[in-house]
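Each chain is listed here by its residues.
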Amino acid sequence: MSSSESDVLVDSFARRHTYLRVSLTERCNLRCTYCMPAEGVPLQPRENLLTFEEIERLVRLFVAAGVDKVRLTGGEPLVRKDVEHLVDRLGAISGLRTLAMTTNGLLLRKKIDRLVSGGLNHLNISLDTLRPDRFESVTRRKGLDIVLDAIDLAVTRGLAPLKINCVVMRGVNSDELLDFVSLARNRALEVRFIEYMPFSGNGWSDDELVPFEEMLDQIKARHPDIAAIDDDLSPGETSREYRIPGFSGSVGFITSMTKHFCGSCNRLRITADGNLKVCLFGNSEVSLRDQMRAGASDEQLSKLIGLAVGRKKASHAGMHVIAASDNRPMILIGG
Ligand code: SAM
Ligand code: SF4
């Protein structure tokens, strides 16, 4: 791509895509029930995954086309061997303003300093319960103390505002909203409550979905002066952010199911095995890995990317249709 910004990443609804999420692995050191099917997922041989060289090439191509934010995700991105070397490479790409990661936090203490010095400047940590027994039943592993320690560590390393992703599920953790809100009282972080989404094999049902309005009402009963920072989402933003007077941090809601934000979607995804996915909830994919390995030039790759972006639909099909459709489990998409 020759120009610093082109129309390759603009779709037929005039949405400009500036945010790329790259999955680094299909593996994880947790087994969250809402993300991974109980029977696990068939893992691909390592050679099917993008190499660091291939990831860097794609990121450079997307940045040249106008992407300025990349998030590394997975699976658990920190289990990818030598992830810090990839962060070094991506951190050196000029034009990439935000290099972010979403992690479960278990390996963060070991890696955080190298990641930050390599250029990581945004972090989301996922945590769905503050109770050790529940942590074990939701993630099918132990580790709550380690994640809590990682959260405090990330705040001290200047990765503020740190975001805490909490998937809210009725009958599982929906009675913990106020405890999570308390995390933001003295910490510069945003607690983000995510509506539970259906993916293949996660057993989603709409009974378990707690709609955003219901979450907000529950919090308002204790904090009546909670107020939205903005009435509308700014373009590309997915979290409706609220403040409570006197709190250092904030509270956000990701309302993908009850109030979708497809109209201003600016995201694209690359799966660990190198498929471009233009919508989290759509099953259409194109293999950039196969094209690269067949010798495609940057121009040919850009053309392919532009065609895929051009086919992006106006919005997702609605939660019940999504629940009945075939898609990858979340762990194989990269959330
Ligand atoms: N392992 C990392 C982590 O958990 O933060 C990164 C990958 S994980 C797939 C990315 C995000 O997707 C997490 O915040 C997770 O809570 C969210 N997620 C996974 N399944 C979900 C679902 N069914 N509904 C809503 N969010 C989901
Ligand atoms: Fe692993 Fe993250 Fe999925 Fe949990 S949500 S199983 S930590 S990839």
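Our subject in this report is the structure included herewith. For clarity, every value in this text was computed on a predicted model and none was experimentally measured.

1. Overview of the site of ligand 2
In step 1: Neighbouring residues of ligand 2: Cys28, Leu30, Cys32, Tyr34, Cys35, Gly75, Asn104 and Ile331.
In step 2: By residue class, the composition of the shell around ligand 2 is 6 nonpolar, 2 polar and no charged.

2. What about helix α3 (residues 108-118)?
In step 1: Buried within α3 we find Leu108, Lys111, Ile112, Leu115 and Gly118. One side of α3 carries all its buried residues, which in axial view fall inside an arc of 135 degrees. Opposite the packed face of α3, turned more than 90 degrees from it, sit the exposed residues Lys110 and Ser117.
In step 2: Residues of α3 that are buried sit in contact with α2 (83-91), β3 (98-103), β4 (122-126) and α5 (144-156).
In step 3: Glycine 119 sits one or two residues past α3 and shows a positive phi near 125 degrees.

3. What to know about the site of ligand 1
In step 1: Surveying the vicinity of ligand 1 reveals 20 residues, the closest of which are Tyr34, Gly75, Ser126, Asn165 and Met197.
In step 2: In this structure, a nitrogen atom belonging to ligand 1 sits 3.1 Å away from a side-chain N or O atom of glutamate 76.
In step 3: Asparagine 165 is positioned with one of its side-chain polar atoms (N or O) 3.1 Å from an oxygen atom of ligand 1.
In step 4: Contact with the protein chains hides 95% of the accessible area of ligand 1, taken as 550 Å² for the molecule alone.
In step 5: Broken down by secondary-structure element, the contributors of at least two residues to the shell around ligand 1 are β3, β5 (162-168) and β6 (189-195).

4. Overview of the packing of aromatic side chains
In step 1: Summed over all chains, the structure comprises 5 aromatic pairs.
In step 2: On the numbers, 6.3 Å between centres and 80 degrees between planes, the contact of phenylalanine 180 with phenylalanine 193 is edge-to-face. In this pair, phenylalanine 180 is assigned in helix α6 (residues 177-183) and phenylalanine 193 in strand β6, connecting sequence segments 13 residues apart.
In step 3: Centroid distance phenylalanine 199 to phenylalanine 281: 5.7 Å. Interplanar angle 15 degrees. Geometry classified as stacked. Separated by 82 residues along the polypeptide, phenylalanine 199 in the loop between β6 and α7 (212-222) and phenylalanine 281 in the loop between β11 (275-277) and β12 (285-287) bring together distant segments of the chain.

5. Brief notes about the sheet that holds strand β8 (residues 239-243)
Each strand in a sheet pairs with another by means of backbone hydrogen bonds, the pair being arranged parallel or else antiparallel.
In step 1: An order of β7-β8-β9-β6-β5-β4-β3-β2-β1-β10-β11-β12 is seen for the 12 strands of this open sheet, with the pairing classed as mixed. Pairing within the sheet leaves two strands with one partner each, and these edge strands are β7 (227-228) and β12.
In step 2: Of the pairings in the sheet, the one linking strand β1 (residues 19-23) to strand β10 (residues 267-270) comprises 4 bridges and is parallel in character. Pairing of leucine 20 across the sheet is with leucine 268, part of β10.
In step 3: Lying over the sheet, helix α9 (residues 298-310) contacts β10, β11 and β12, oriented at roughly 175 degrees with respect to β12.

6. Comments concerning the pattern of salt bridges
In step 1: In this structure the tally under the stated criterion is 25 salt bridges.
In step 2: In this structure, the salt-bridge partner of arginine 157 is aspartate 113, at a minimum N-O distance of 2.7 Å. With arginine 157 in the loop between α5 and β5 and aspartate 113 in helix α3, this residue pair connects regions lying 44 residues apart in the sequence.
In step 3: Using a relative accessible area of 35% as the deciding quantity, one classes arginine 157 as partly exposed.
In step 4: Residue classification places aspartate 113 among the partly exposed positions, given a relative accessible area of 46%.
In step 5: With a shortest N-O distance of 4.0 Å, aspartate 179 and arginine 131 are connected by a salt bridge. Highlighted residues: aspartate 179 in helix α6 and arginine 131 in the loop between β4 and α4 (132-139), separated in sequence by 48 residues.
In step 6: A residue is classified by how much of its surface remains accessible, and aspartate 179, at 36% relative accessible area, is partly exposed.

7. Side note on the environment of valine 191
In step 1: Of note, valine 191 is situated in strand β6.
In step 2: Remark: the alpha-carbon pair of valine 191 and valine 251, spanning 60 residues in sequence, is separated by 4.9 Å.
In step 3: With near-sequence residues (within four places) excluded, valine 191 lies in contact with Ile164, Phe180, Leu183, Ala184, Ser250, Val251 and Gly252.

8. Structural notes on the packing of helix α1 (residues 52-64) against α2
Two quantities define a packed helix pair, namely the angle between the helix axes and the distance between the axes.
In step 1: Between α1 and α2, the least distance of the axes is 10 Å, while the angle of their chain directions is 25 degrees. Accordingly, the angle class assigned to the pair α1 and α2 is roughly parallel. Relative to α2, the crossing made by α1 is right-handed. Here Phe52, Glu53, Ile55, Glu56 and Val59 of α1 come into contact with α2, specifically with Val83, His85, Leu86, Arg89 and Leu90.
In step 2: The class makeup of the residues in the contact of α1 with α2 is 6 nonpolar, 1 polar and 3 charged.

9. Re the environment of serine 200
In step 1: Secondary-structure assignment places serine 200 in the loop between β6 and α7.
In step 2: Sequence separation between serine 200 and alanine 296 is 96 residues; the distance between their C-alpha atoms is 32 Å.
In step 3: Not counting residues up to four positions away in its chain, the partners in contact with serine 200 are Pro37, Ser325, Asp326, Asn327, Arg328 and Pro329.

10. Some thoughts on the packing of α1 against α9
In step 1: Contact geometry for α1 and α9: axes closest at 11 Å, N-to-C directions at 70 degrees. Judged by the angle between their axes, α1 and α9 are roughly perpendicular. α1 and α9 meet at a crossing whose hand is right-handed. Judged by residue contacts, Arg57, Leu58, Leu61 and Phe62 of α1 engage Asp298, Leu301, Ser302 and Ile305 from α9.

Conventions adopted
- Residues numbered from 1 in each chain as written.
- Chains lettered and ligands numbered in written order.
- Predicted model: local features only at pLDDT ≥ 70, side-chain atom pairs only at ≥ 80, totals over all residues.
- Heavy atoms only, no water.
- Near = heavy atom within 4 Å.
- Nonpolar A, V, L, I, M, F, W, Y, C, P; charged D, E, K, R; others polar.
- Buried < 20%, exposed > 50% of the residue type's maximum accessible area, 1.4 Å probe, protein only.
- Helix = DSSP H or I, 4+ residues; strand = E, 2+ residues; numbered from the N terminus.
- Arc of directions from axis to C-beta.
- Contact = heavy atoms within 4.5 Å.
- Polar contact = N/O pair within 3.5 Å; in protein donor to acceptor, adjacent residues only side chain to side chain.
- Areas by Shrake-Rupley, 256 points an atom, 1.4 Å probe, with all protein chains shown as cover.
- Phe/Tyr/Trp six-rings, centres within 6.5 Å; stacked < 30°, edge-to-face > 60°.
- Pairing = 2+ DSSP bridges.
- Axes fitted to C-alpha atoms, helices over the stretch in contact; angles between N-to-C directions.
- Salt bridge = Lys/Arg side-chain N within 4 Å of Asp/Glu carboxyl O.
- Parallel < 35°, antiparallel > 145°, perpendicular 65-115°, else oblique.
- Left-handed = near helix turned anticlockwise from the far one by under 90°.

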